[in-house]
Amino acid sequence: VFNLGPDEKIFGCGESFTGLNKRGQKVVLFADDANGVENETMYKPIPFFLSSNGYGMFMHTSTPITCDFGKYYSGITSLMIGDDQLDLFVFLGNPAQILDEYTSLTGKSPMPPLWSFGFWQSRITYFSETEGRTVANNLRKHKIPSDVIHFDTGWFEEDWRCDYKFSPSRFDDPGKMISDLRKQGFHTCLWQLPYFVPKNNLFPELLEKDLVVRDRSGNIPYEDAVLDFSNPEAVEWYQEKIAGLLKLGVGAIKVDFGEAAPLNGIYHSGRTGFYEHNLYPLRYNKAAADVTREVNGEYIIWARSAWAGSQRYPLHWGGDAATTDVGMAAQLRGGLSFGLSGFTFWSHDMGGFTTTTPENLYRRWSAFGALSSHSRSHGTPPKEAWEYGKGFLDYFRKTIEMRYRLMPYIYAQSKDCTEKGLPMVRALFVDYPDDPGAWLIEDQYLFGSDMLVAPLFTNTAGRNVYLPGGIWIDYQTGKTYPRGWHYIEKGPIDIVVLVRDGAVIPHIGLAQSTMQMDWSKLDLIVYTSDNQPANGFVCLPENNELHNITLNKSGKDYWLVKDPLAKSVSWNIKHFME
């Protein structure tokens, strides 16, 4: 039990979809298939939180935890932990310092590959090689920049029945398909899960080799067999299956589920589900990420579940969001909370997951998705922009084009975040801890250090936006705003985006795939309201070295004070008003 101050605020605990400030809440840290993003339960509970009073705490355990942050008794935090002994790490400092130290202890996110920052096209589900090729061709035909085609539950012979094999009746030559897609500028992502129904042809083998979780009687706790990732032989078996797909040319594996490890199981580790349930997502993330790194040389998975340390295995997405305005708002709260728990990278299903997305919601959500660390359309069909008509197709193209032009900014800011343990989508108070208003905002975010994003959660022309610190410049209109509350109308894209006064935002020429981008020619767009210097970051994917850049004004023009990439990049320097 710890005292809470009168105005103390608490943040973190994983991808929690309830109010961002956990003061007055009881938060249960127990991995669960939340069946949505508007619930108290979490796909990604993390035993870490930070306080507005300058400290953070990491509960080093894998047991279930109940954190009562002044709900039962308003003046105390009660941490109810299942271990016999308390193993608690305390960090002191401002939020950025606390996140840096916490991730120095539990691990920082490495950089995923450049192509993963491109647009991922998906739905439930593409069932055949023909469908996959058709979607890829249409993306190129309609000039929607994109880098990934994702096959969800339907690439097996039986939908959902994961056997790690392409359906022979619907995929004539998977290897050639993957190779052909790569030539078009696409990587391939495949769905799978660690549960096996009795009708799965792998079910007998898993039981015979004892690679699954058992109960005290030696039986499997569920009807489905659950792969036991605490067993090195099970990990080896699993990684061999995944390696076969990666060697075929697959770029990433969707690491779905992982929240249902049996609580009454007796695991190969010798421990019960009381200790292994929450640890299961971390073991699962690691198994898939390690083999991907071994075969492809890249840090990349697409995972739903997580535990402390899973940030070492990027990246994670927000689960099955409702296709509603409220679902979109809850998704952002979850992402902000997740970022305050040590995770740099996070994505979500643009448009929502559960039902067909109304066009006006898809417009607003796609803008939010384009300005997240990673961008994927997924869920109930249709999810392809051309299925909505020409007006939406043109809008969607413009939105994704914005992301692709911003790729040097997104990439450099991501690199900076990996070095500091910061989230790309982050709460305002991380950068502005001395601004009292910044601690109250849960429906806006900083996208890296220099851009502020306020999504539209209703079908309106604008919204009230809180601006911390100093002056901000509208990315779409060029209007300037001082610190404080403002009603700001959207631009051509249905979102409010502002740039910090004194920032330089690197852009790149438009390409249909990150594979086709020319990083030898970059635009540096200066956002200043007066003649002050401008600063920012650049990072080339070829070596992942982060560089600070500063531009000074002389006469009418800005110029680089010191060019860190003089032999590699030709700069085109512009002021935002030009």
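No experiment lies behind these values; they were computed from the predicted model shown.

Draft legend 1. View of the packing of helix α5 (residues 232-247) against helix α7 (residues 280-296). At a closest axis distance of 9 Å, the pairing of α5 and α7 adopts a crossing angle of 45 degrees. Taken together, the axes of α5 and α7 are oblique relative to one another. The handedness of the crossing between α5 and α7 comes out as right-handed. Contact residues: V235, Y238, Q239, I242, A243, L246 and K247 in α5; Y284, A287, A288, D290, V291, T292, V295 and N296 in α7. The residue inventory of the contact of α5 with α7, partitioned by class, reads ten nonpolar, three polar and two charged.

Draft legend 2. Examining the layout of surface pockets more closely. A volume near 440 Å³ is recorded for the largest pocket. In terms of lining residues, the largest pocket is bounded by 19 residues, among which R405, Y475, H507, I525 and Y527 are the most central. For the lining of the largest pocket, the secondary structure elements donating two or more residues are α10 (390-405), β28 (503-508), β29 (521-527) and β33 (570-575). Tallied by class, residues from the lining of the largest pocket come to eight nonpolar, five polar and six charged.

Draft legend 3. Structural detail: the sheet that holds strand β2 (residues 10-14). In space, the four strands of this open sheet follow the order β2-β4-β5-β8, with antiparallel pairing throughout. Only two strands of the sheet have a single partner each, and these edge strands are β2 and β8 (88-92). Going from strand to strand, the sheet's axes swing by 20 degrees on average, the running direction of each strand aside. As defined by bridge partners, β2 adjoins strand β4 (residues 45-51) across four bridges and the pair is classed as antiparallel. Bridge pairing links F11 to L50 in β4.

Draft legend 4. Fine view of unusual backbone geometry. Following P314, the chain continues into L315 via a peptide bond in cis, with omega recorded as 10 degrees. Note on placement: L315 falls in the loop between β15 (302-303) and β16 (316-317). A cis amide bond links P381 with the next residue in sequence, P382, at an omega value of 0 degrees. Of note, D210 is a non-glycine position whose phi angle comes to about 60 degrees, a positive value.

Draft legend 5. Region of interest: the sheet that holds strand β7 (residues 76-81). Here we have four strands laid out as an open sheet, ordered β1-β7-β6-β3, and antiparallel in their pairing. Strand pairing shows two members of the sheet lacking a second neighbour, β1 (2-3) and β3 (26-29), which therefore form its edges. One ladder, built from two bridges, connects β1 with β7; its direction is antiparallel. Bridging from a neighbouring strand, N3 pairs with I76 of β7.

Draft legend 6. Up close: the packing of aromatic side chains. The full count for this structure, using the stated rule, is 50 aromatic pairs. The interplanar angle of 75 degrees and the centroid separation of 5.1 Å between the aromatic rings of W160 and W191 together place this pair among those described as edge-to-face. With W160 in the loop between β10 (148-151) and α3 (174-183) and W191 in strand β11 (residues 187-192), this residue pair connects regions lying 31 residues apart in the sequence. Taking relative accessible area as the criterion, W160 reaches 44% and is therefore assigned partly exposed. According to the relative accessible area criterion, W191 is buried, its value standing at 0%.

Draft legend 7. Representation of the side chain of D68 within the structure. Within the element layout of this structure, D68 appears in strand β6 (residues 65-69). A polar contact is formed between the side chain of D68 and the backbone nitrogen of Y72, at a distance of 3.2 Å. Aside from chain neighbours lying at most four places away, what touches D68 is Q25, K26, I76, T77, S78 and M80.

Draft legend 8. Main features of helix α2 (residues 129-141). For α2, built from 13 residues, the straight-helix expectation of 18 Å at 1.5 Å per residue is met to within 8% by its first-to-last C-alpha distance of 18 Å. What α2 keeps buried is the set E129, G132, V135, A136, N138, L139 and R140. Lining the buried residues of α2 we find β9 (119-121), β10 and α3. Just downstream of α2, K143 is the residue with a positive phi angle, here 55 degrees.

Draft legend 9. Quick look at the pattern of salt bridges. What the rule picks out here adds up to 29 salt bridges. The partner of R133 in a salt bridge is E129, with the nearest N and O atoms 3.0 Å apart. Of this pair, R133 and E129 both sit in helix α2, separated by four residues, roughly a single helical turn. For E129, a relative accessible area of 10% corresponds to the buried category. For D431, the salt bridge is made with R426, and the minimal N-O distance between the two is 2.8 Å. Salt bridges linked by common partners bring D33, D256, E259, R304 and D320 together as one network.

Draft legend 10. Up close: empty space enclosed by the protein. This structure, assessed with the given rule, holds one cavity of 30 Å³ or more. Here the largest cavity defines a volume of roughly 40 Å³. In terms of lining, the largest cavity is formed by G335, G339, F343, T344, F345, W346, S373, P423, M424 and V425.

Draft legend 11. Structural context of the packing of helix α8 (residues 325-339) against helix α9 (residues 359-370). Contact pair α8 / α9: the axes reach a minimum separation of 11 Å and the direction vectors enclose 10 degrees. Taken together, the axes of α8 and α9 are roughly parallel relative to one another. Between α8, through D325, G327, M328, Q331 and L332, and α9, the contact on the second element is made entirely by L361, R364, W365 and F368.

Draft legend 12. Inspection of α3 at higher detail. Among the residues making up α3, those that are buried are P174, G175, M177, I178, D180 and L181. In this structure, the buried side of α3 is in contact with α2, β10 and β11. Residue G185 follows α3 closely and has a positive phi angle near 95 degrees.

Definitions and limits used
Residues numbered from 1 in each chain as written. Predicted model: local features only at pLDDT ≥ 70, side-chain atom pairs only at ≥ 80, totals over all residues. Heavy atoms only, no water. Axes fitted to C-alpha atoms, helices over the stretch in contact; angles between N-to-C directions. Helix = DSSP H or I, 4+ residues; strand = E, 2+ residues; numbered from the N terminus. Parallel < 35°, antiparallel > 145°, perpendicular 65-115°, else oblique. Left-handed = near helix turned anticlockwise from the far one by under 90°. Contact = heavy atoms within 4.5 Å. Nonpolar A, V, L, I, M, F, W, Y, C, P; charged D, E, K, R; others polar. 1 Å grid on protein atoms, 1.4 Å probe; cavity = no way out; pocket = protein on both sides within 12 Å on 5 of 7 lines; lining within 4 Å. Points joined across faces, edges and corners; volume = space filled by probe spheres on them. Pairing = 2+ DSSP bridges. Phe/Tyr/Trp six-rings, centres within 6.5 Å; stacked < 30°, edge-to-face > 60°. Buried < 20%, exposed > 50% of the residue type's maximum accessible area, 1.4 Å probe, protein only. Polar contact = N/O pair within 3.5 Å; in protein donor to acceptor, adjacent residues only side chain to side chain. Expected span 1.5 Å × (residues − 1). Salt bridge = Lys/Arg side-chain N within 4 Å of Asp/Glu carboxyl O.

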